[in-house]
Amino acid sequence: MPVLCHEEAICLKNVKKYIKLNKSEFLYLAVEDVAPSVSQLITLRLKTKHSPEKMHTAFRHMFDLYPRLKCIVKPTLFSYRLEIIDNDLQLDMLFENSFKVQNNIRFDTEEFTGYRRDLLNESFTLQHSLPIKIRFLPEASVIFISIHHITCDGIGWLNLTASLLSYLNGKEPSPIPIDDPSMVPGVFKRPYITAPIQILGSYFLHRKDKKKTCRDKMINPSPKPVGFIGFTDMHQHYLKYNLSKLKPKAKELGCSLNTFFMTAITRALFEMHGEEDGDTVGIRLSYDLRPYFDKKPPLFGNYVISSILRAYRKNMDDPKLMVRNIQLQLKEAIDRLKKKKLTYPWFIDRVFALLGKKNYSRGIMMAKKNSLFRSTIHFSTGGSIDRLNDFGKKAQLLDAIATVPTFGLFMTMSNINGIFNINISYPTTEFAKDNIINLISAFENELGILLKIQV
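In this report, the structure presented in the accompanying data block is examined.

1. So, the sheet that holds strand β14 (residues 419-427)
Hydrogen bonds between backbone atoms are what pair the strands of a sheet, whose relative direction is either parallel or antiparallel. Strands sit in the order β8-β14-β13-β11-β9-β10 across an open sheet of six strands; the sheet is mixed. The open sheet has two edge strands, β8 (232-238) and β10 (304-312), and neither has a second partner. Each neighbouring strand pair of the sheet contributes to a mean axis angle of 25°, computed without reference to strand direction. Direction of pairing for strand β9 (residues 280-288) relative to strand β11 (residues 377-384): parallel, over a ladder of three bridges. Bridge assignment links R284 to a residue of β11, and that residue is H378.

The structure is reproduced here in structure tokens:
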């Protein structure tokens with residue numbers, strides 16, 4: 001999906017005072033009760049130099065363009081909603097607390113990675129502060145943006161970054177409207193009166209899937225599982241294979257680049273875990289719902305849904321078959337999204353949300369203690385983000401990547417100028433940094449093996 005649509009956004013008139021939380025946003029709010037932080041941490045490394053004063057002005061302007069950034073959480077009788085700050089004095093005070101300059105830290109040093117790790121785990125006080133923290137490191141030419149998941153998803157931070165770079169290039173970005181938070185237009189077909197029939201049809205598909213996979217023994221990659229959610233660390237790495245080498249091979253194998261990457265990470269996980277650990281790797285894959293809205297898609301908010309793709313150890317000797325199986329599952333998942341056949345899982349999550357924030361939080365902890373999170377690794381990709389450098393030469397990115405605190409392994413990936421920047425975030429109570437470095441090394445090795453396949 002292109003960065004900034006809605007006819008390049010529209011003017012803001014009659015700005016709302018309150019915003020409802022959709023299902024995803026409410027559930028992220030519930031996770032706050034059991035996890036140190038519920039954020040996206042975006043690392044923007046700039047090719048160009050900028051003064052702290054210019055960066056301060058630019059970000060303050062973003063708050064005028066994105067009303068959803070200037071909100072605090074307010075309880076209602078039974079739930080929560082977002083209140084948009086319309087008092088300039090209060091907003092300026094909260095912004096000064098949100099934006100900080102950190103001097104004397106250089107890129108890719110121990111001090112740099114430690115500072116980023118601490119920010120990744122830093123909690124929010126959403127009833128008293130804004131849902132975003134900005135840290136500018138002038139010597140590193142890096143911006144860290146920690147943005148709470150109730151505020152936006154991956155498309156959201158890409159749109160925010162596009163607006164920031166546009167402004168730094170001397171161009172006035174368009175204001176971003178407050179979109180309807182509802183996910184219903186992306187999940188259900190019209191007329192919505194047929195929703196019960198759609199849910200029933202989706203339920204039968206879900207039950208059929210469960211029967212097919214009920215005997216799968218899913219690999220849990222954690223060397224030492226624990227019954228609580230602790231702090232997260234992240235490891236960033238630049239792949240030795242670039243786009244010009246990987247894309248033609250994926251095309252030759254008849255699969256998407258995402259499938260190519262998922263096959264490699266799956267094979268790496270099988271290589272690192274023996275048969276006693278399981279016969280199945282489950283890849284949780286995130287999908288942006290916006291392309292499937294039956295009306296104008298929203299720009300800024302959280303509109304993500306996910307499903308699990310499976311790969312089997314029995315196919316390790318036939319990588320081409322593994323590629324085909326993952327590609328078929330991905331195609332089926334996209335087809336279900338297009339035809340609005342993922343309504344049942346979404347509806348069940350919505351029902352659980354009705355139990356309230358505290359009860360949902362208890363359910364998360366029960367699932368964690370009983371190892372009920374049913375995936376081996378979560379995979380998400382922004383693909384090529386070269387378009388972020390299309391606004392001019394005054395402000396350019398070398399790379400950009402986002403990650404989230406996580407219950408398990410979470411792998412994100414993006415590329416600029418054909419160079420792939422990957423990151424794996426992981427709970428520090430369960431994984432050592434060497435575990436992650438070894439996994440990335442095995443992943444690169446498997447990419448090399450897939451590149452040598454003869455078709």
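Picking up where we left off.
2. Describing the nonpolar core
Counting residues in each nonpolar core, the largest one holds 61 residues, and the members touching the most others are L246, F260, F261, M411, F443 and L447. Per-element accounting of this core gives the leading share, nine residues, to helix α9 (residues 257-272). Excluding anything up to four places from it in sequence, M411 contacts I265, I377, H378, F379, S380, I422, N423, I424 and F443. In this structure, L94, I145, I147 and L158 belong to the second largest nonpolar core, which totals 44 residues.

3. Section: the pairing of strand β3 (residues 71-75)
One ladder, built from five bridges, connects β3 with strand β4 (residues 80-84); its direction is antiparallel. Among the inter-strand pairings, K74 is bridged to a residue of β4, identified as R81. Hairpin connection, β3 to β4: the antiparallel pair is bridged by four residues.

4. Details of the environment of V404
Among the structural elements, V404 can be located in the loop between β12 (397-403) and β13 (409-416). Along the backbone, V404 and R207 are 197 residues apart, and their C-alpha atoms lie at a distance of 31 Å. Residues in contact with V404, not counting those within four places in the same chain, are S39, Q40, L120, H149, T232, F410 and S425.

5. Structural notes on the packing of helix α2 (residues 52-65) against helix α5 (residues 154-168)
At a minimum axis distance of 10 Å, the contact between α2 and α5 shows a crossing angle of 130°. Relative to α5, the element α2 is oriented oblique. The two elements α2 and α5 cross, and the hand of that crossing is right-handed. Between α2, through K54, M55, T57, A58, F59, H61 and M62, and α5, the contact on the second element is made entirely by L160, S163, L164, Y167 and L168.

6. Observations regarding the packing of aromatic side chains
All told, the structure shown has 13 aromatic pairs when counted by the stated rule. On the numbers, 5.2 Å between centres and 65° between planes, the contact of Y203 with Y344 is edge-to-face. Of the two residues, Y203 sits in helix α7 (residues 195-213) while Y344 sits in helix α11 (residues 343-353), which places them 141 residues apart along the sequence. Taking the relative accessible area as the measure of exposure, Y344 reaches 19% and is therefore buried.

7. Focus: helix α8 (residues 243-252)
Every buried residue of α8 is listed here: L246, K249 and A250. Buried residues of α8, seen end-on, are gathered within an arc of 100° and therefore sit on one face of the element. In α8, the exposed positions angled more than 90 degrees off the buried face are occupied by S244, K247 and K251. Looking at the packing, one finds that the buried side of α8 touches α9, β14 and α13 (433-451). Once α8 finishes, G254 follows within two positions and takes phi at roughly 75°, a positive value.

8. Observations regarding a negative patch on the surface
Residues E275, E276, D277 and D279 make up a contiguous surface patch of negative charge. The exposure class of E276 is exposed, given its relative accessible area of 59%.

9. Section: the packing of α8 against α13
Helix-helix packing is characterised by the crossing angle of the two axes and by the distance between the axes. One way to put it is that α8 packs onto α13 with a least axis distance of 10 Å and a crossing angle of 55°. In terms of orientation, α8 lies oblique with respect to α13. The crossing of α8 and α13 is left-handed. Where α8 abuts α13, its residues K245, L246 and K249 lie against L447, L450 and L451. Here the residues of the contact of α8 with α13 sort into four nonpolar, no polar and two charged.

10. Things to note about the pattern of salt bridges
Within the structure shown, the criterion is met by 19 salt bridges. Taking the shortest distance from any N to any O, the salt bridge between R45 and D399 comes out at 3.0 Å. Note that R45 is positioned in strand β2 (residues 39-46) and D399 in strand β12, a separation of 354 residues in sequence. Neither R45 nor D399 differs from the other in exposure class; each is buried. The salt bridge involving K339 is made with D335; its shortest N-O contact spans 3.5 Å. Here the salt bridges do not stand alone but share partners, grouping K17, E83 and D86 into one network.

11. A look at the pairing of β11
Here seven bridges tie β11 to β13, and the two strands are oriented parallel to one another. When the sheet's bridge partners are listed, T381 is paired in β13 with M413.

12. Things to note about the side chain of N389
Residue position: N389 is located in the loop between β11 and β12. Here L397 takes part through its backbone nitrogen, which lies 2.7 Å from a polar atom of the side chain of N389. What N389 contacts, discounting residues up to four positions off in sequence, is Q396, L397 and I416.

Calculation notes
- Residues numbered from 1 in each chain as written.
- Predicted model: local features only at pLDDT ≥ 70, side-chain atom pairs only at ≥ 80, totals over all residues.
- Heavy atoms only, no water.
- Pairing = 2+ DSSP bridges.
- Helix = DSSP H or I, 4+ residues; strand = E, 2+ residues; numbered from the N terminus.
- Axes fitted to C-alpha atoms, helices over the stretch in contact; angles between N-to-C directions.
- Core = buried A, V, L, I, M, F, W, Y, C linked by side-chain atoms within 4.5 Å.
- Buried < 20%, exposed > 50% of the residue type's maximum accessible area, 1.4 Å probe, protein only.
- Contact = heavy atoms within 4.5 Å.
- Parallel < 35°, antiparallel > 145°, perpendicular 65-115°, else oblique.
- Left-handed = near helix turned anticlockwise from the far one by under 90°.
- Phe/Tyr/Trp six-rings, centres within 6.5 Å; stacked < 30°, edge-to-face > 60°.
- Arc of directions from axis to C-beta.
- Patch = residues over 30% accessible without salt bridge, like charges linked within 9 Å, V, L, I, M, F, W, Y side chains within 5 Å.
- Areas by Shrake-Rupley, 256 points an atom, 1.4 Å probe, with all protein chains shown as cover.
- Salt bridge = Lys/Arg side-chain N within 4 Å of Asp/Glu carboxyl O.
- Lys, Arg positive; Asp, Glu negative; His and termini not counted.
- Charge placed at Lys NZ, Arg CZ, Asp CG, Glu CD.
- Nonpolar A, V, L, I, M, F, W, Y, C, P; charged D, E, K, R; others polar.
- Polar contact = N/O pair within 3.5 Å; in protein donor to acceptor, adjacent residues only side chain to side chain.

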